[in-house]
Amino acid sequence: MFIFRETINVALASIRANALRSLLTTLGIVIGTGAVITMVALGEGAQRAVQAQIERMGTNVLTVRPGQQWWRGVSGGSVRLKESDAFALRDQMGAMYDIAPEAESRLQISYLRWNTSNQVIGTWPTFFDMHERHVEHGRVFNEGELQGRQRVAVLGYGIPEALNTPAPLLVGREIQIRGIRFEVVGVLEEKGSMGWENPDEQVYIPLSTALYRVMGGREFLRALYVAAPSPEELEPAWGEIDRIIRREHRIRATEDADFRIQQASDFLETLGETAETFTMLLVGIAGVSLLVGGIGIMNIMLVSVTERTREIGVRKALGATRKAILFQFLVEALVLCLLGGILGVGFGFGSAELVTRLYERDTAVAVEAVVVAMGFSIVIGLFFGIWPARRASTMDPIDALRYE
C-alpha cells in the first residue's frame, strides 16, 4: 500500500513540477469534452423544443393538405382543397369533431404611417381553440362575422410591435390589409415560433372575407384541420376524413388519394431527425478534438519519458519494478485527462449557458453526456498513456543511467 501511495505521489509531483506544460497539454481534452457537452446540450434542447411545438400544435389535431393528382402513374399537378371540403367534413363527421379550414397569403398590413408584410390567415372561429390561440386583448371573431364576411381581424402577438403601437391601443382601431380597412377585434397571447413559421407574426381574418374580399376570389385552401375529442379518436377520425374527402374528390378507395392527412408530430418529425443527425455530426467532430487531445498527451508523455530517463534508471537501480514504473506514467496520463475532463465539463456548462443567453437557443445539459465525456477522457488517458508508460517500464537501467 505504501509503494502504491508513493507511486501516485511521485506522479502528481511530476505534474506539479511542470504545471504550465501540463495545463497546456490538457487543452485538447478540455475543448473536446466541453464541445461534446455543448453539442449534446444543443441537441437535447432542440428535441425538447420540438416536443413543446408538438404540444402547442395539439396532439389531437389532424391536418389535411393538398397532394398530387395521378393518372396512370403520371402526376397531373397539385390538387386544391376547397371550402366545400370543410363543409362536407363538418356536416358528416358530427359535432364531436371541430373543423377549421385555412387559407393563407402574405400581404401588406398598414396602420397610420407604419406598415409591414405578414402572413394573413383566413379561417373559422374554431381555429383558435383548436390550436390553443388565446386572446390577450379583445376577442376573436365569431360565427356571425364569418357568415357576414365582416372585415374584422385578430392580430398575432408580434404585429402591434411591427406597427409600432401598443396592443391595447390597437383593439377597436382600423388597420389596412391590402388597402382594405379592417377593425382589430383582438390581439393574441404570445405563442412562439413553430419552426417553419411564427404564429405571433400572423393576422387572422374570417375565411369568407379572406377568400372573397382579400385574396382575389380564389377558392382553394392551404389546409384543413380536424380536432378529435382525444388522441385515442385520431385513428377513426383519420379513416372518416379519408372517406369523406375521397367522396368529395370522386376518388375510389383503390386509387391514390390527391390529399395528405398528417398529425402534428409528422410535421416536426423530420425537424427532430435533422436536429439529431446534426447533433451527432457535431459530437463526432468534438470526439475528434478529444482524440487530438489524447495524441497531444501521448506526445508530452513521450517527451517526459525521454527527459526523465536517468530518473527511471535510478529508480530501477534502487529496486523499482516494471509495474511500478508503468503505473507511475499511467497515473500521470490519467490525471492529465481527468483534469482536462473536469475543466471541460465546466467549459461545456458555460458554453451551453452562453449559447442560451446570446442566441436564445434552448439547451439542456444531459447527465449522460457528462458521464460519457468523462469516461471517454479516462479511456483516452489509458489508451494514449500505455505506450509512453510501457516504453518507460521496459528501459534497461544501465542504458538509462548512461543517458545524457
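Bear in mind that the values here come from a model prediction, so they are computed numbers and not experimental data.

**Observations regarding the overall build of the protein chain**
Phase 1: The helix and strand inventory of the protein chain stands at 15 helices and 14 strands.
Phase 2: When the 404 residues of the protein chain are sorted by exposure, 45% land in the buried category.
Phase 3: Intrachain contacts of the protein chain at a sequence separation of at least 6 include 78% that bridge at least 24 residues.
Phase 4: Accessible surface computed for the protein chain: about 21000 Å², of which carbon and sulfur atoms make up 56%.

**A look at the pattern of salt bridges**
Phase 1: Scanning the model with the defined rule gives seven salt bridges in all.
Phase 2: The salt bridge partner of Arg 222 is Glu 102, with a shortest N-O separation of 2.6 Å. Linking Arg 222 in the loop between strand E12 (220-221) and strand E13 (223-227) with Glu 102 in strand E5 (residues 98-111), this pair joins segments that are 120 residues apart in sequence.
Phase 3: Residue Arg 222 is classed as partly exposed on the basis of its relative accessible area, which comes to 22%.
Phase 4: Among the residues examined, Glu 102 registers a relative accessible area of 3% and is labelled buried.
Phase 5: Ionic pairing is found between Arg 357 and Glu 353, a salt bridge with its closest N-O pair at 2.9 Å. You can see Arg 357 and its partner Glu 353 sitting in helix H13 (residues 322-359), four residues apart, about one turn around the helix.

**Section: a nonpolar patch on the surface**
Phase 1: Judged by side-chain polarity, Leu 20, Leu 24, Leu 27 and Ile 31 come together as a nonpolar surface patch covering roughly 400 Å² of accessible area.
Phase 2: Elements with a contribution of two residues or more to the nonpolar patch: helix H2 (19-25) and helix H3 (27-57).
Phase 3: Following the sequence through the fold, Leu 27 ends up in helix H3.
Phase 4: You can call Leu 27 partly exposed: its relative accessible area is 41%.

**Here we look at the confidence of the model for the protein chain**
Phase 1: Per-residue pLDDT for the protein chain has a mean of 81; in total, 84% of the residues score no lower than 70.
Phase 2: Confidence, expressed as mean pLDDT per element, reaches its minimum in the protein chain at strand E3 (residues 74-78) with 46 and its maximum at strand E8 (residues 152-155) with 97.
Phase 3: The model gives residues 70-77 a pLDDT under 50, and that stretch makes eight contacts with residues more than four places away or in other chains.

**Observations regarding the packing of aromatic side chains**
Phase 1: Inspection of every chain in the model, using the stated rule, returns six aromatic pairs.
Phase 2: Where Phe 127 meets Phe 128, the ring centres are 5.9 Å apart and the plane angle is 85°; that geometry is what we call edge-to-face. For the pair Phe 127 and Phe 128, one class covers both residues: buried.
Phase 3: Ring centres of Phe 127 and Tyr 204 lie 5.6 Å apart, and the angle between their planes is 40°; on these two criteria the pair is classed as tilted. Linking Phe 127 in helix H5 (residues 126-130) with Tyr 204 in strand E11 (residues 202-206), this pair joins segments that are 77 residues apart in sequence.
Phase 4: Classification of Phe 127 as buried rests on a relative accessible area of 2%.
Phase 5: Classification of Tyr 204 by relative accessible area gives buried; the value is 0%.
Phase 6: Cluster of aromatic residues (ring-pair linked, three or more members): Phe 127, Phe 128, Phe 141, Tyr 204 and Tyr 225.
Phase 7: Between the NZ or CZ atom of Arg 149 and the centre of the ring of Tyr 212, over which it lies, the distance is 4.3 Å.

**Some points on the pairing of E5**
Phase 1: For E5, the tally of buried residues reaches 10 of 14 residues, placing the bulk of the element in the interior.
Phase 2: Across five bridges, the pairing between E5 and E13 is antiparallel. Bridging from a neighbouring strand, Pro 101 pairs with Leu 224 of E13.
Phase 3: Bridge count between E5 and strand E6 (residues 114-123): 10 bridges; the pairing is antiparallel. In the sheet register, Ala 103 faces E6, and the bridge partner there is Gly 122.

**Thoughts on unusual backbone geometry**
Phase 1: Residue Glu 132 is not a glycine yet carries a positive backbone phi of 55°.
Phase 2: Take Glu 132: it is sitting in the loop between H5 and strand E7 (135-138).

**Some remarks on helix H12 (residues 309-317)**
Phase 1: Among the residues making up H12, those that are buried are Thr 309, Ile 312, Gly 313, Arg 315 and Lys 316. Take H12 and look down its axis: the buried residues cluster within an arc of 165°, on one side only.
Phase 2: Backbone geometry just downstream of H12 places Gly 319 in the positive-phi region, at approximately 110°.

**Describing the nonpolar core**
One recurring pattern in soluble globular proteins is that nonpolar side chains are buried together.
Phase 1: In this structure, Leu 89, Met 93, Ile 175, Ile 177, Val 203, Ile 205 and Ile 241 are the most contacted members of the largest nonpolar core, which totals 45 residues.
Phase 2: Ignoring any residue separated from it by four or fewer positions in sequence, one finds Ile 241 in contact with Leu 62, Val 64, Leu 89, Met 93, Val 226 and Ile 261.
Phase 3: Counting residues in hydrophobic clusters, the runner-up holds 26 residues, among them Val 36, Ile 37, Ile 297 and Leu 302.

**What to know about the packing of H12 against H13**
Phase 1: At their nearest, the axes of H12 and H13 sit 10 Å apart, and the two run at 145° to each other. In this structure, H12 meets H13 at a crossing whose hand is right-handed. In contact with Glu 311, Ile 312, Arg 315 and Lys 316 of H12, H13 contributes Arg 322, Ile 325, Gln 328 and Phe 329.
Phase 2: Residues belonging to the contact of H12 with H13 are distributed by class as follows: three nonpolar, one polar and four charged.

Conventions used here
Position labels on residues start from 1 in each chain and follow its written sequence. Note on the predicted model: pLDDT of at least 70 is required for a residue's local features to be given, and 80 or more for side-chain atom pairs to be given and counted; whole-chain, interface and lining totals, by contrast, use all residues. With hydrogens and water set aside, each side-chain value is computed from the structure's full complement of heavy atoms. Helix and strand assignments follow DSSP, with helices taken as H or I runs no shorter than four residues and strands as E runs no shorter than two, numbered in order from the N terminus. Relative accessibility thresholds used throughout: buried, under 20% of the residue-type maximum; exposed, over 50%; partly exposed, between the two (1.4 Å probe, protein chains only). Residues are treated as being in contact if the distance between any of their heavy atoms lies within 4.5 Å. In this description, accessible areas are obtained by the Shrake-Rupley approach with a 1.4 Å probe, and a residue is regarded as covered only by the protein chains that are shown. A carboxyl oxygen of Asp or Glu within 4 Å of a side-chain nitrogen of Lys or Arg is what we treat as a salt bridge. Patch membership requires over 30% relative accessible area and the absence of a salt bridge. Like charges are linked within 9 Å, and nonpolar side chains (Val, Leu, Ile, Met, Phe, Trp, Tyr) within 5 Å. A score from 0 to 100, pLDDT tells how confident the predictor is in each residue. Note on ring pairs: Phe, Tyr and Trp rings are taken, using the six-membered ring of Trp, and paired if centres are within 6.5 Å. Classes follow the plane angle, with under 30 degrees stacked, over 60 edge-to-face and the rest tilted. For a Lys NZ or an Arg CZ to count as sitting over a ring, it must be within 6 Å of the ring centre and within 35 degrees of the ring normal. Following DSSP output, two strands are said to pair if at least two bridges run between them. An arc is given here, and it is the one of the directions from the helix axis to the C-beta atoms. Among the buried residues, those of types Ala, Val, Leu, Ile, Met, Phe, Trp, Tyr and Cys that are joined through side-chain atoms within 4.5 Å form a nonpolar core. Axes here refer to lines fitted to C-alpha atoms; in helices the fit is confined to the stretch in contact. Angles between the N-to-C directions go from 0 to 180 degrees. The crossing is said to be left-handed when, going from far helix to near helix, the turn is anticlockwise and less than a right angle, and right-handed when the turn is clockwise. Residue polarity follows a fixed list, in which Ala, Val, Leu, Ile, Met, Phe, Trp, Tyr, Cys and Pro are nonpolar, Asp, Glu, Lys and Arg are charged, and the others, Gly among them, are polar.

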